[in-house]
Amino acid sequence: DAGVTQSPTHLIKTRGQQVTLRCSPKSGHDTVSWYQQALGQGPQFIFQYYEEEERQRGNFPDRFSGHQFPNYSSELNVNALLLGDSALYLCASSLGGGQNIQYFGAGTRLSVL
Amino acid sequence: DAKTTQPNSMESNEEEPVHLPCNHSTISGTDYIHWYRQLPSQGPEYVIHGLTSNVNNRMASLAIAEDRKSSTLILHRATLRDAAVYYCILSPQWGGYQKVTFGTGTKLQVIP
């Protein structure tokens, strides 16, 4: 049973560019959450998708957007990249209606130069 | 969002028990207490969760104070593989979409 998979594992971009990160949830999970983790910090909640809609959002600007597909996979898009967007981006999946036990992927390391 | 407070770091000797504390004085009656840990270069990993009663699983035990304003994660015999950052978070029960707040966690060092 595959767990949460994220791609790519590493990415280097320059300021002003756009990036798309991808996540496949654990089999049977229908809810996907995205987190940003700066070095030495805990993960910060970006947003959560369920039934292809954004259900909750953290304190992130509109440059951060997402999408969930009918197969429950998800994308995180970041426009107009800033140096401060350099971080580990984590995807977590869970079962909607459950006790929100989240299963995390290994993350995508984004470096903005 | 309800917040949790944890010590920044703790040390333990290998094969000794470890008690990791967490304060959550603003917890609501419908919040579950979840613990995750993050090993270097990995995403967080679920450890255990509970609502009111103490809980045990193969990884750890969770002791919840009677007033629910604090909890303690107990690793019965620390191993070198338990060296990680441990996060205590509050997660609302189903009924609302769940915005979860991680703090900075407790970095556990296990000494051989």
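Up top is the structure these notes are about.
Residues numbered from 1 in each chain as written. Chains lettered and ligands numbered in written order. Predicted model: local features only at pLDDT ≥ 70, side-chain atom pairs only at ≥ 80, totals over all residues. Heavy atoms only, no water.

## A short note on the sheet that holds strand β8 (residues 84–92) of chain B
Residues and elements named next belong to chain B.
- Taken together, the five strands give an open sheet; going across it, the order is β1-β9-β8-β3-β4, and neighbouring strands pair in mixed fashion. Across the chains shown, the open sheet's two edge strands, defined by having one partner strand only, are β1 (9–13) and β4 (45–50). This sheet shows a mean twist of 25° between the axes of neighbouring strands, independent of strand direction.
- Relative to strand β9 (residues 106–111), β8 is paired through three bridges, and the arrangement is antiparallel. Considered in β9, the bridge of Tyr86 is made with Thr106. (Pairing = 2+ DSSP bridges. Helix = DSSP H or I, 4+ residues; strand = E, 2+ residues; numbered from the N terminus. Axes fitted to C-alpha atoms, helices over the stretch in contact; angles between N-to-C directions.)

## Observations concerning the pairing of strand β5 (residues 44–50) of chain A
Residue and element names in this part refer to chain A.
- The buried fraction of β5 is high, at six of seven residues.
- Where strand β4 (residues 31–37) and β5 come together, six bridges link them in antiparallel fashion. Its bridge partner lying in β5, Ser33 is registered against Gln48.
- What sits between β4 and β5 in their antiparallel hairpin is a turn of six residues, with Gly40 showing a positive phi close to 80°.
- Of the pairings in the sheet, the one linking β5 to strand β6 (residues 53–57) comprises four bridges and is antiparallel in character. Paired with Gln48 across the two strands is Gln56, which belongs to β6.
- Connecting the antiparallel pair β5 and β6 is a turn made up of two residues, with Glu51 showing a positive phi of about 50°. (Buried < 20%, exposed > 50% of the residue type's maximum accessible area, 1.4 Å probe, protein only.)

## Some thoughts on the nonpolar core
- Ranked by size, the top nonpolar core spans 21 residues in total, and within it B:Leu20, B:Ile33, B:Trp35, B:Leu73, B:Leu75, B:Tyr86 and B:Leu108 carry the most contacts.
- Of all the elements in the fold, those that place two or more residues in this core are β2 (18–23), β3 (31–38), β4, β6 (61–64), β7 (70–75), β8 and β9 of chain B.
- Per-element accounting of this core gives the leading share, four residues, to β8(B).
- Once you skip the residues sitting within four places of it in the chain, B:Leu20 turns out to touch B:Met10, B:Trp35, B:Ser71, B:Thr72, B:Leu73, B:Tyr86, B:Thr106 and B:Leu108.
- Grouped together as the second largest cluster of nonpolar side chains are 20 residues, A:Cys23, A:Val32, A:Tyr49 and A:Leu110 included. (Core = buried A, V, L, I, M, F, W, Y, C linked by side-chain atoms within 4.5 Å. Contact = heavy atoms within 4.5 Å.)

## As for the packing of aromatic side chains
- Inspection of every chain in the model, using the stated rule, returns ten aromatic pairs over all chains.
- Taken together, a centroid distance of 5.8 Å and an interplanar angle of 85° make the contact between A:Phe104 and B:Tyr36 edge-to-face. With A:Phe104 in strand β10 (residues 103–104) and B:Tyr36 in strand β3, this residue pair bridges two chains. Like A:Phe104, the residue B:Tyr36 is buried in the burial classification.
- Through successive ring pairs, a cluster of aromatic residues spans A:Tyr35, A:Phe45, A:Phe104, B:Tyr36, B:Tyr46, B:Tyr87 and B:Phe102.
- Just above the ring of A:Tyr103 sits the side chain of A:Lys26; from NZ or CZ to the centre is 5.1 Å. (Phe/Tyr/Trp six-rings, centres within 6.5 Å; stacked < 30°, edge-to-face > 60°. Lys NZ or Arg CZ within 6 Å of the ring centre and 35° of its normal.)

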